[in-house]
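Notes for the structure review
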Amino acid sequence: SRFLRSISELDPESLTDIESRYQRLFGPTPSSNPIPLNETSFLVPGAEETGWVLASVERHYSSAGIESTSASGNIPDHISVELEFIGFLSGCEADAWAADDFKEARRMQDRQRRFLDKHISKWVPILQREIVARDDGLFTLAGQATHVQVTHDLDFLRSLQPLMRSAI
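Keep in mind it's a predicted model, so treat the numbers as computed, not measured.

1. Things to note about the packing of aromatic side chains
For any two aromatic rings, the description comes down to two numbers: the centre-to-centre distance and the angle of the planes. Applying the stated criterion to the full structure yields 8 aromatic pairs. When the centroid spacing of 5.9 Å and the interplanar angle of 55° are considered together, the rings of Tyr22 and Phe139 count as tilted. One end of the pair, Tyr22, is in helix 2 (residues 14–26); the other, Phe139, is in helix 7 (residues 138–167), and 117 residues separate them in sequence. Overall, the relative accessible area of 33% leaves Tyr22 in the partly exposed class. Since its relative accessible area comes to 13%, Phe139 is described here as buried. Three or more aromatic residues joined by ring pairs form one cluster here, namely Tyr22, Phe26 and Phe139.

2. As for the layout of surface pockets
Volume-wise, the largest pocket comes out at about 280 Å³. What lines the largest pocket is a set of 15 residues, among which Leu37, Ile79, Leu83, Leu127 and Thr146 lie closest to the centre. Mapped onto the lining of the largest pocket, the elements with two or more residues apiece are helix 2, helix 5 (79–98), helix 6 (102–134) and helix 7. Tallied by class, the residues present in the lining of the largest pocket amount to 10 nonpolar, 5 polar and no charged. The calculated volume of the second largest pocket comes to roughly 170 Å³. Ser1, Arg2, Phe3, Leu4, Leu141, Gln144, Ala145, Val148 and Gln149 are the residues that line the second largest pocket. Among the secondary structure elements, those contributing two or more residues to the lining of the second largest pocket are helix 1 (2–8) and helix 7. If you tally residues by element for the lining of the second largest pocket, the top one is helix 7, at 5 residues.

Reading the values: the criteria
Residues numbered from 1 in each chain as written. Predicted model: local features only at pLDDT ≥ 70, side-chain atom pairs only at ≥ 80, totals over all residues. Heavy atoms only, no water. Phe/Tyr/Trp six-rings, centres within 6.5 Å; stacked < 30°, edge-to-face > 60°. Helix = DSSP H or I, 4+ residues; strand = E, 2+ residues; numbered from the N terminus. Buried < 20%, exposed > 50% of the residue type's maximum accessible area, 1.4 Å probe, protein only. 1 Å grid on protein atoms, 1.4 Å probe; cavity = no way out; pocket = protein on both sides within 12 Å on 5 of 7 lines; lining within 4 Å. Points joined across faces, edges and corners; volume = space filled by probe spheres on them. Nonpolar A, V, L, I, M, F, W, Y, C, P; charged D, E, K, R; others polar.

So, in structure tokens, the structure goes:
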């Protein structure tokens with residue numbers, strides 16, 4: 001709620017300041033020691049491990065019917081791409097519920113839980129700590145909101161799934 005309140009209080013004059021703070025925190029200038037916004041920057045020490053993580057992320061995407069993100073110029077393990085994927089799966093789950101397709105809804109919940117568990121939940125807390133260490137404003141609130149949402153979603157799915165198995 002603090003993040004949403006902060007967004008609602010923005011005025012057009014503050015956009016330049018926000019853009020400048022974003023550039024200072026996240027780059028693209030390497031000399032400014034930016035905070036990376038991709039999973040592999042936080043979790044893997046070498047090129048071989050990076051390849052495994054990226055391949056795993058792409059496998060999750062392709063198993064859900066999404067074309068390669070890297071082919072479209074996106075970084076597969078970028079925070080925005082990974083969160084968009086969870087949003088996509090949530091939308092598929094909502095569609096399944098609307099169609100009374102309980103099996104598909106459960107399948108989408110499984111996909112969400114696996115991706116959150118294997119990827120996003122592993123590195124978003126680290127990203128959030130990095131942001132908090134360098135910012136005390138909007139981006140800290142955004143990082144905290146993201147971390148809380150990811151944690152909540154994963155906990156919710158872990159709690160819900162045993163109940164779903166017994167109901168179907």
